[in-house]
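# Structural overview for review
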Amino acid sequence: MSSPSSRPPALCERHPAVPPERLIAEMVPPPRFDAVRFDTYIPDPAQPSQAEAVKTLQEFSTRIGAGEGKARRRFWRKAPRAAGRDGVYLDGGFGVGKTHLLASLWHAAPAPKAFGTFVELTNLVGALGFQQTVRALSGHKLLCIDEFELDDPGDTVLVSTLLGRLVEAGVKLAATSNTLPDKLGEGRFAAQDFLREIQALAAHFDVIRIDGEDYRHRGLPEPPEPYPTPVVEEAAARTPGATLDHFPALLDHLARLHPSRYGALLDGVEAVFLTDVTTVEDQSTALRLVVLADRLYDRDIPVVASGVSFDRLFTPEMLRGGYRKKYFRAISRLTSLAREGTRFGLPA
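Residues numbered from 1 in each chain as written. Predicted model: local features only at pLDDT ≥ 70, side-chain atom pairs only at ≥ 80, totals over all residues. Heavy atoms only, no water.

### Some points on the overall build of the protein chain
Tallying secondary structure elements over the protein chain gives 13 helices and 8 strands in all. Residues counted as buried form 53% of the 348 residues belonging to the protein chain. Look at the contacts in the protein chain between residues 6 or more apart in sequence, and 87% of them connect residues 24 or more apart. If you sum the accessible surface of the protein chain, you get close to 15,600 Å²; carbon and sulfur atoms cover 52% of it. (Helix = DSSP H or I, 4+ residues; strand = E, 2+ residues; numbered from the N terminus. Buried < 20%, exposed > 50% of the residue type's maximum accessible area, 1.4 Å probe, protein only. Contact = heavy atoms within 4.5 Å. Areas by Shrake-Rupley, 256 points an atom, 1.4 Å probe, with all protein chains shown as cover.)

### Things to note about the sheet that holds strand S8 (residues 303-307)
The sheet built from 3 strands is open, its strands ordered S6-S7-S8 with parallel pairing. Both edges of this open sheet fall to strand S6 (242-246) and S8, since each of them pairs with a single strand only. For this sheet, the mean angle separating the axes of adjacent strands, direction not counted, is 15°. Summarising the sheet, S6 and strand S7 (residues 271-277) pair through 5 bridges and their orientation is parallel. Paired with Leu244 across the two strands is Phe273, which belongs to S7. Strands S6, S7 and S8 of the sheet are contacted by helix H8 (residues 229-237), whose axis makes an angle of about 160° with S7. (Pairing = 2+ DSSP bridges. Axes fitted to C-alpha atoms, helices over the stretch in contact; angles between N-to-C directions.)

### Comments concerning the confidence of the model for the protein chain
On average, residues of the protein chain score 84 in pLDDT, and 83% of them are at 70 or above. Across residues 214-218, confidence stays below pLDDT 50; counting only partners more than four residues off in sequence or on other chains, it has 7 contacts. (pLDDT = per-residue confidence, 0-100.)

### Here we look at the sheet that holds strand S4 (residues 172-177)
Taken together, the 5 strands give an open sheet; going across it, the order is S2-S3-S4-S1-S5, and neighbouring strands pair in parallel fashion. Across the chains shown, the open sheet's two edge strands, defined by having one partner strand only, are strand S2 (113-117) and strand S5 (205-209). On average, each strand axis in the sheet is tilted by 15° relative to the strand beside it, whichever way the strands run.

### Quick look at the packing of helix H4 (residues 118-128) against helix H5 (residues 130-138)
The N-to-C vectors of H4 and H5 enclose an angle of 120°; their axes lie 7 Å apart at closest approach. The angle between the axes of H4 and H5 places the two elements in the oblique class. Between H4 and H5 the crossing geometry is right-handed. Packed against H4, whose contacting residues are Leu121, Leu124, Val125 and Leu128, the element H5 presents Phe130, Gln132, Thr133 and Leu137 at the interface. When grouped by side-chain class, the residues that make up the contact of H4 with H5 number 6 nonpolar, 2 polar and no charged. (Parallel < 35°, antiparallel > 145°, perpendicular 65-115°, else oblique. Left-handed = near helix turned anticlockwise from the far one by under 90°. Nonpolar A, V, L, I, M, F, W, Y, C, P; charged D, E, K, R; others polar.)

### A short note on the pattern of salt bridges
Here the structure, examined in full by the defined rule, presents 16 salt bridges. For Asp206, the salt bridge goes to Arg85, with nearest N and O atoms at 3.8 Å. Pair noted here: Asp206 is in strand S5 and Arg85 is in the loop between helix H2 (48-63) and strand S1 (87-91), with a separation of 121 residues, a long-range link. Residue Arg209 pairs with Asp91 through a salt bridge whose shortest N-O separation is 2.5 Å. Here Arg209, found in strand S5, pairs with Asp91, found in strand S1; they are 118 residues apart in sequence, far enough to count as distant. A relative accessible area of 4% places Asp91 in the buried class. (Salt bridge = Lys/Arg side-chain N within 4 Å of Asp/Glu carboxyl O.)

### So, helix H13 (residues 324-338)
Helix length check: H13, at 15 residues, gives a terminal C-alpha distance of 21 Å against a target of 21 Å (1.5 Å per residue), a fit within 8%. Every buried residue of H13 is accounted for by Lys326, Tyr327, Arg329, Ala330, Ile331, Arg333, Leu334, Thr335, Leu337 and Ala338. Packed against the buried residues of H13 are H4, helix H11 (283-298), S8 and helix H12 (316-320). (Expected span 1.5 Å × (residues − 1).)

### Comments concerning H2
The first and last C-alpha atoms of H2 sit 24 Å apart over 16 residues, in line with the 22 Å expected at 1.5 Å per residue. Within H2 the residues assigned to the buried category are Ser49, Gln50, Ala53, Val54, Leu57, Phe60, Ser61 and Arg63. Tucked into the core, H2 has its buried residues touching S1, helix H3 (98-108), strand S3 (142-146), S4 and S5. Looking one or two residues beyond H2, the residue adopting positive phi is Gly65, at roughly 90°.

### Focus on the nonpolar core
The biggest cluster of nonpolar side chains holds 39 residues, and the ones touching the most others in it are Val272, Leu296 and Phe314. Mapped onto this core, the elements with two or more residues apiece are helix H9 (247-255), helix H10 (262-265), S7, H11, S8, H12 and H13. Among the elements that line this core, the one with the most residues is H11, at 8 residues. Counting 28 residues, the second largest nonpolar core, distinct from the first, contains Ala114, Val159, Val171 and Leu173. (Core = buried A, V, L, I, M, F, W, Y, C linked by side-chain atoms within 4.5 Å.)

### Overview of unusual backbone geometry
For the peptide bond that leads from Ala111 to Pro112, omega is 0°, which places it in the cis range. By the secondary structure assignment, Pro112 is in the loop between H3 and S2. If you check the backbone angles, Glu147 has positive phi at about 55° while not being a glycine. Relative accessible area serves as the criterion here: at 19%, Glu147 is assigned to the buried category.

Given below as C-alpha cells:
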C-alpha cells in the first residue's frame, strides 16, 4: 500500500467555484470532437439516410444567422415554414454518428454558439436561474443539445419554455436523441398529462432519421475485472496527475456539489483511481454518477477501480426503469475508460 506521503490528491478534496461566464464559455463540443467536420463523417453506403443527414445539416448550417434583426415569432405559428423549422433533431441508435454530426454543425456555424448535453443544459438553468440562462443564450445563433431526453415533468415544462423563449429570440436549435421528439417522456412519467409541452417541443424540430446498427442489439460491453485495492493505490501513487478516492466518499462529495461543477472538478486530472466501488442503490446518487461519467468520458480520463465491476454499478431495477438509457450509457463509457488501465502498467 502507498505511504501517506505518496498518496495522490482526492477529488473529494476539491471544491471548485465556477463563475457563470465559465459555464457559458465551456458550452462547446467535448475535446474528442474538436477535429470533426462534415467531411470527416464517412456515411455507410448501406445506410442512405446517413449521407442524406449530412446534406440536410449542411443546408441547415447556411440558415444559421440569416435574417438577423427581424422580428421572429415563428414558435407560435401552427404551420412550419417552407424553409424548414428553427431546429433539427437527429434521431438514431447509439454509434451511428449523431454527436459527430451535431459537433460538425456547431463547427460550421457562426459564433456565438453553444453546445452541451441535455443534462448540462438543465444543470445550467439550475446554476444560473431561468431568466439569466435565457439572457445568456438569447444572443447565440445556435444551441446544440446532445442526448436530448426528458426524465420528469419538471424538465418537460422547463425545457419547453426555455426553447420557446430562445426560438423567439432567433436562436436555431439542433438536438440528438434515441427517442423521437413526440415520444419524449414515455415510460418515465404520465406523458399524456404534459402533451402540450411535448408537442410544443416537437414543433420546433424537423426530424432527421439516421439509420444504422442500434446499440440495443449489441449488448453491454464486458468490463475489465476490478483490481485489488493495494494495486489501485500503488498505481495511483506512481501516476502523474492522478486522483485517488474511496468510492463511497466520492459519492457523498458529489451530493454536496452542483452537477454544473463536475467538469471543473476534473481540471488538470490525468487519471481517476477509485477504491471499493459498490453497487449504487439510490436513484439520486446514481444520476449524479451518470453526470460524472459523462464528464470523465468527455475528457477521456482513464478510470482504474477496485470493488465491483462497472456492469454491476446499478441495480437490476434501475436498468429496467425509466432512466435505463442513462445508466447503460454510463456503464458503457466507464467500461471504455477502464480498459485504458493498461497505460499505467496494469493488465488489461
